[in-house]
Amino acid sequence: MENIDSTQLKRVLKPVHLWAIAVGLVISGEYFGWNLGWEVSGTIGFLIATLIVTLMYITFIFSYTELTTSIPHAGGAFAYAYRAIGPIGGLIAGYATLIDFLFATPAIAFSLGSYVHFLHPAIGVLPSALTFNVVFILLNIYGVKESATFSVFITILAVGELLLFMGVVGPHFKMDNYLSNPMPFGWSGVFAALPFAVWFYLAIEGVAMVAEEVKDPKRNIPRGYIYALATLVFLALGVMILTGGVTDWRKLSKLDYPLPEAISVVLGKGSGLTQLFASIGLFGLIASIHGTILASSRQVFAMARSGYLPKGLAEVSTRFKTPHWAIIVGGVISFVALFTGTTSQILILSVMGAVVMYMMSMISLFRLRKKEPNLERPFAAVLYPVFPAIALVISAVCLLTIMYYNFWVSLIFYAGLAIALGIFVLMGKHKTKIMDDEMLNAPQAIVI
């Protein structure tokens, strides 16, 4: 057995694992959350918002992959911003990424609880949400290969279910329903709906969090991203459009379980297929909560290993080779959010973290192109500088929109960032080199 570093991870993931992790991270966005955008924009207003956000993600992923393959580090945007901008840039990107993934988990847990409650009204939403958290914390501690294999299985089931959903409701689609009061708030509604459209794709960038655990990352990471994005664009547009045409869309615009409700409208609540769909509907949500716990723990791990968080959180289990303390801390934060927030508030906070991280990533890409022109770039950003510029501009518009329509949630986000920056500066870490070149170029895998 070779020498094992207690802060290194095993390289065991293949392209199919990356596709499953990426789609699994995101696919809950097709099951719930996006429909809240209808309430503020109508069907056509939300379609426009979704197309804008889809453009943002296409340009972002084909730019972000340059960073992921050039610097395959578990910290993702945190590591890229540190290398491009410095310690303060790393802190801002790391904080935003933590907010993105740590708060996506309880939002998904709320919907899981709602699905269980839909099936069994005697079971409360919160107890179910807490139970799912505990189960998937334990699974992630058990091992990344085991949990990634589970991701492949559960993600295939979730994609299959959405295809089944489209097949069942498609014949019942009525354009009159879809075009009923299509833009009740005009173009202001389109802007208000942007964060809910982001939920369709939020967390796909989480593949970067397992970059150190990928076999041949420079070849396999681009494949994983591209296959996942193509899958998600098809599912997002298909589910959104077909659901909007089966009934009065306003009846579905406030629910945490819009798809089972849409099936029940088509087939009746007493239908066996309705109950079956709601049951297997748990698969997509399970895939995502599992993936967000995986990604958030790797972010905590990477920031702790680099000195931004307590070093103990970077400890890797000697038995399972997973960052167990980072996983547990993420679970505690999820529990707190479940007891204190609503699905909509937590979702908006998660989206806000995501768009700030997207902005920091694109700024880092531009900066590194000038700062390190000779950096090996196995996958160069497509249509540079146009694609990264489009991603940056749309991300900035999304951020401003969230701040305008969600003042108190924005205040919480920036208060947390101000506290983190204050502690960072008081400790003097903004003046020191926290991450060395070996960290930024990704440590070698554990070999046993």
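Residues numbered from 1 in each chain as written. Predicted model: local features only at pLDDT ≥ 70, side-chain atom pairs only at ≥ 80, totals over all residues. Heavy atoms only, no water.

Q: Help me understand the pattern of salt bridges in this model?
A: Applying the stated criterion across every chain, the model contains five salt bridges. The salt bridge partner of R377 is E66, with a shortest N-O separation of 2.9 Å. Residue R377 is located in the loop between helix 15 (343-371) and helix 16 (386-405), and its partner E66 is located in helix 3 (residues 36-70); the two are separated by 311 residues in the primary sequence. By relative accessible area, E66 is classed as buried at 2%. We note a salt bridge from R83 to E372, for which the minimum N-O separation is 2.9 Å. Linking R83 in helix 4 (residues 77-85) with E372 in the loop between helix 15 and helix 16, this pair joins segments that are 289 residues apart in sequence. Salt bridges sharing common partners tie together E66, R369 and R377. (Salt bridge = Lys/Arg side-chain N within 4 Å of Asp/Glu carboxyl O. Helix = DSSP H or I, 4+ residues; strand = E, 2+ residues; numbered from the N terminus. Buried < 20%, exposed > 50% of the residue type's maximum accessible area, 1.4 Å probe, protein only.)

Q: Just to check I follow, could you spell out the packing of helix 3 against helix 16 for this structure?
A: Any two packed helices are characterised by how steeply their axes cross, that is the angle between the axes, and by the distance between the axes. Taken N-terminus to C-terminus, the directions of helix 3 and helix 16 make an angle of 135°; their axes are 8 Å apart at the nearest point. Relative to helix 16, the element helix 3 lies oblique. Between helix 3 and helix 16 the crossing geometry is left-handed. Each of I52, L55, M56, T59, F60, F62 and S63 in helix 3 lies in contact with helix 16, whose residues at this interface are F387, P388, I390, A391, I394, S395 and C398. Tallied by class, the residues present in the contact of helix 3 with helix 16 amount to 11 nonpolar, three polar and no charged. (Axes fitted to C-alpha atoms, helices over the stretch in contact; angles between N-to-C directions. Parallel < 35°, antiparallel > 145°, perpendicular 65-115°, else oblique. Left-handed = near helix turned anticlockwise from the far one by under 90°. Contact = heavy atoms within 4.5 Å. Nonpolar A, V, L, I, M, F, W, Y, C, P; charged D, E, K, R; others polar.)

Q: So what exactly am I meant to see when it comes to the nonpolar core here?
A: Here is a general trend for soluble globular proteins: nonpolar side chains tend to be buried in one another's company. Grouped together as the largest cluster of nonpolar side chains are 146 residues, with contacts concentrated most on Y57 and I204. Not counting the four nearest positions on each side in its chain, I204 is found in contact with A22, V26, Y57, I61, Y225, A228, L229 and L232. (Core = buried A, V, L, I, M, F, W, Y, C linked by side-chain atoms within 4.5 Å.)

Q: How should I be thinking about helix 4 in this particular structure?
A: What sets the pattern is the α-helix's 3.6 residues per turn: residues three or four places apart point alike. Counted residue by residue, helix 4 has eight buried out of nine residues, so it is predominantly covered. Looking at helix 4, one finds that the buried residues are A77, F78, A79, Y80, A81, Y82, R83 and A84. Two residues or fewer past helix 4, G86 is found with a positive phi of approximately 120°.

Q: Sorry, what's going on with the side chain of E30 here?
A: If you trace the backbone, E30 turns up in helix 2 (residues 28-31). Judged by its relative accessible area of 0%, E30 falls in the buried class. In this structure, E30 is in contact with L162, F200, L232, L235, A236, V239 and L259, ignoring residues within four places of it in sequence.

Q: Sorry if this is basic, but what is going on with a nonpolar patch on the surface here?
A: Judged by side-chain polarity, W187, F191, V393, V397, Y404 and Y405 come together as a nonpolar surface patch covering roughly 670 Å² of accessible area. Only helix 9 (186-198) and helix 16 provide two or more residues apiece to the nonpolar patch. At four residues, helix 16 tops the list of elements feeding residues into the nonpolar patch. Residue placement: V397 occurs in helix 16. We classify V397 as partly exposed; its relative accessible area is 31%. (Patch = residues over 30% accessible without salt bridge, like charges linked within 9 Å, V, L, I, M, F, W, Y side chains within 5 Å. Areas by Shrake-Rupley, 256 points an atom, 1.4 Å probe, with all protein chains shown as cover.)

Q: Sorry, what's going on with unusual backbone geometry here?
A: Along the chain, Y384 connects to P385 via a cis peptide bond; the corresponding omega equals 5°. Positionally, P385 belongs in the loop between helix 15 and helix 16. The residue N181 is not glycine, and still its phi comes out positive at about 50°. One can find N181 in the loop between helix 8 (175-178) and helix 9. Backbone geometry places L383, a non-glycine residue, at a positive phi of 50°. By the secondary structure assignment, L383 is in the loop between helix 15 and helix 16.

Q: Got a minute to help me understand the environment of Y384 in this structure?
A: Positionally, Y384 belongs in the loop between helix 15 and helix 16. The spatial distance from the C-alpha of Y384 to the C-alpha of L365 is 9.9 Å, given a sequence separation of 19 residues. Look past the residues within four positions of Y384 in its chain and what remains in contact with it is L365, F366 and R369.

Q: Honestly, the confidence of the model for the chain in this entry has me stumped. Any pointers?
A: Reading predicted coordinates in detail is not appropriate for stretches of low pLDDT. Confidence along the chain averages 83 in pLDDT terms, with 88% of residues attaining 70 or more. Ranking the helices and strands of the chain by mean pLDDT puts helix 16 first, with 95, and helix 18 (residues 437-440) last, with 48. Between residues 1-7, whose pLDDT stays under 50, and residues either more than four places distant or in other chains, the model counts 13 contacts. The low-confidence segment residues 442-448, where pLDDT is below 50, has 23 contacts with residues more than four positions distant or belonging to other chains. (pLDDT = per-residue confidence, 0-100.)

Q: Sorry if this is basic, but what is going on with the packing of helix 3 against helix 15 here?
A: Viewed as axis vectors pointing N to C, helix 3 and helix 15 meet at an angle of 35°, and their least axial separation amounts to 11 Å. As helix 3 runs across helix 15, the sense of the crossing is left-handed. Packed against helix 3, whose contacting residues are L36, M56, Y57, F60, S63, Y64, E66 and L67, the element helix 15 presents S344, M357, Y358, S361, M362, L365, L368 and R369 at the interface. Of the residues in the contact of helix 3 with helix 15, the class split is 11 nonpolar, three polar and two charged.

Q: Explain the packing of aromatic side chains here, please?
A: In this description, an aromatic ring pair is defined by two values, namely the gap between the centres and the angle between the planes. The final tally for this structure, using the stated rule, is 22 aromatic pairs. Considering the side-chain rings of Y57 and Y358, the 5.3 Å spacing of their centres and the 80° angle between planes classify their relative orientation as edge-to-face. Placement of Y57 in helix 3 and of Y358 in helix 15 is noted, with a sequence separation of 301 residues between them. Grouping residues by exposure puts Y57 and Y358 together as buried. Taking the centre distance of 6.3 Å and the plane angle of 70° together, the rings of Y64 and Y225 count as edge-to-face. Placement of the pair is Y64 in helix 3 and Y225 in helix 10 (residues 217-244), with a sequence separation of 161 residues. Note on Y225: relative accessible area 0%, which makes it buried. Feature note: the residues W34, W38, F46, Y57, F60, Y64, Y80, F200, Y201, Y225, W249 and Y358 constitute an aromatic cluster, connected by ring pairs. (Phe/Tyr/Trp six-rings, centres within 6.5 Å; stacked < 30°, edge-to-face > 60°.)

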